[in-house]
Amino acid sequence: MAEAVLIDLFYLKLNSQKNCPQTLLKTLNAVQYHHAAKAKFLCIMCCSNISCERHGEQDNCELETSNGLSAVLEEFEIVSCPSVAASLYTIKQKIDERNLSSIKVIVPRHRKALMKAFIDQLFTDVYNFEFEDLQVTFREDSLKQSIEINIITAQELREIQNEIETYLRSLPALKGELTIITSPLIPDIFIHGFTTRTGGISYIPTLSSFNLFSSSKRRDPKAVVQENLRRLANAAGFNVEKFYRIKTDHSNDVWIMGRKEPDSYDGIATNQRGVTIAALGADCIPIVFADPVKKACGVAHAGWKGTLLGVAMATVNAMIAEYGCSLEDIVVVLGPSVGPCCFTLPKESAKAFHSLHPACVQLFDSPNPYVDIRKATRILLERGGILPQNIQDKNQDLNLCTSCHPDKFFSHVRDGLNFGTQIGFISIRE
């Protein structure tokens, strides 16, 4: 049984004199009868830009309350926006506020493919949709409405994407201004930074507001993440069309940009100008590497597994092997991550950190010792030959624990599975 029911009346001109047939009343009554008892959200979507006569005046499109509709409409929430993108995004917010995921869409047959295309762009696999034909036809549109259009052309899909992008660009930033943390160690020939959680448009509490990663398990669609990324690119000054994220596998594989891209990797190295590379983080460490002499850079994603596997030095070694970088020229900046105050591991897993250095573990004799992945990363970098003064893991907001600061950062440890993601990024200026 659907948790939410959406009736698409977006392009139907609803007017008491001509276009409010009894079949519409029957449809609404049927929806109410079958779903009102169990559905937590009943919604009608219509367009606020369609002008229709109402009591001799021009007004925005409203559902007329004559013909017995008044009592039925009390069971529905009416969403009236100027575009399909705005309407569906507003409805998505209402669905998410109620934490619903099973949705029935009752839609005219000729609009079903269009609605599916919008939904594919604005929702993720967290949601389950089923579609039902809307049994309402008006004489002037009866032929059109009886034909089901199964194909959306590439041009139509691009128009849908443009409509969504235009609407998302109009939304205000949430939770404050966009903030980028930078390091004085990295010279100005590079664009770099670490993001926080403020200044984006994501509204889900654990993703709000500057979430920069979308997946099938999260409620933030790619379109929202892409708008957040566009705002970051504008603020930082990089080209959003040349942006590459690490494909995390909690390992130590490094992609040398220009070679064949692996299916997964936790490090990237490049010397290409104008290309921005980024490491994800939400407790794991996003690490940025820069060599101003050879003009090369890298990023790495270091969780506890990747830390022990040496992903940081694997990225350094890739820069040395591929671009002739020298250890003494490479600077490394560790972005915000979970601190030893909040991160624990089972004792069996913590043993490897204790063997690396006892200072990496607190309460080692407990079943779940506290582990310092930042200290472990510095130790491994220094042992690998990176100069201690060329490693920044403290100062500014870089060493704040992501779990301890919900106002600034996302955290898997704190927020659970539906956590948001910040990034560390770098590029060589063109």
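Higher on the page you've got the structure.
All values derive from a computational prediction rather than experimental measurement.

Observations concerning the sheet that holds strand 16 (residues 331-334)
And step 1. In space, the 6 strands of this open sheet follow the order 11-12-15-14-16-19, with mixed pairing throughout. The open sheet terminates on both sides in strands that have one partner only, identified here as strand 11 (254-256) and strand 19 (391-392).
And step 2. Note: strand 16 against strand 19, 2 bridges, orientation parallel. Bridging from a neighbouring strand, valine 333 pairs with glutamine 392 of strand 19.
And step 3. In the packing of helix 9 (residues 311-323) onto the sheet, contacts are made with strand 11, strand 12 (267-270), strand 14 (285-291) and strand 15 (296-302), and the angle to strand 15 comes to roughly 160 degrees.

A closer look at the environment of proline 172
And step 1. Topologically, proline 172 is positioned in the loop between helix 6 (154-169) and strand 8 (180-181).
And step 2. In this structure proline 172 comes out as exposed when scored by relative accessible area, which is 57%.
And step 3. Aside from chain neighbours lying at most four places away, what touches proline 172 is Gly200, Ile201 and Arg231.

A look at unusual backbone geometry
Across residues other than glycine, the phi torsion is negative in most instances, and most of the peptide bonds are trans.
And step 1. For the bond from serine 208 to serine 209, the omega torsion is 0 degrees, close enough to zero to count as cis.
And step 2. Tracing the backbone through its elements, the reader meets serine 209 in the loop between strand 9 (190-195) and helix 7 (222-236).
And step 3. Although it is not a glycine, asparagine 99 adopts a positive phi angle of roughly 60 degrees.
And step 4. Among the structural elements, asparagine 99 can be located in the loop between helix 3 (84-97) and strand 6 (102-107).
And step 5. Take asparagine 99: its relative accessible area is 57%, and that puts it in the exposed class.
And step 6. With a phi angle near 110 degrees, aspartate 283 is a residue other than glycine that sits in the positive phi range.
And step 7. The topology assignment puts aspartate 283 in the loop between strand 13 (276-281) and strand 14.

Concerning the pairing of strand 14
And step 1. In terms of burial, strand 14 is largely enclosed, as 7 of its 7 residues are buried.
And step 2. The antiparallel hairpin formed by strand 14 and strand 15 contains 4 residues in its connecting segment, where lysine 295 sits at a positive phi of about 55 degrees.
And step 3. Summarising the sheet, strand 14 and strand 16 pair through 4 bridges and their orientation is antiparallel. Following the sheet pairing, valine 288 is matched in strand 16 by valine 333.

As for the nonpolar core
And step 1. In this structure, Leu88 and Leu168 are the most contacted members of the largest nonpolar core, which totals 38 residues.
And step 2. When contributions to this core are tallied by element, the ones reaching two or more residues are strand 1 (4-8), strand 2 (41-47), strand 5 (77-81), helix 3, strand 6, helix 4 (112-122), helix 6 and helix 7.
And step 3. With 7 residues, the single largest contributor to this core is helix 3.
And step 4. Formed jointly, this core draws a minimum of three residues from each of two domains, domain 1 (4-12 + 24-48 + 67-137 + 150-169) and domain 2 (174-428).

Thresholds applied
- Residues numbered from 1 in each chain as written.
- Predicted model: local features only at pLDDT ≥ 70, side-chain atom pairs only at ≥ 80, totals over all residues.
- Heavy atoms only, no water.
- Pairing = 2+ DSSP bridges.
- Helix = DSSP H or I, 4+ residues; strand = E, 2+ residues; numbered from the N terminus.
- Contact = heavy atoms within 4.5 Å.
- Axes fitted to C-alpha atoms, helices over the stretch in contact; angles between N-to-C directions.
- Buried < 20%, exposed > 50% of the residue type's maximum accessible area, 1.4 Å probe, protein only.
- Core = buried A, V, L, I, M, F, W, Y, C linked by side-chain atoms within 4.5 Å.
- Domains from an automatic or database assignment.

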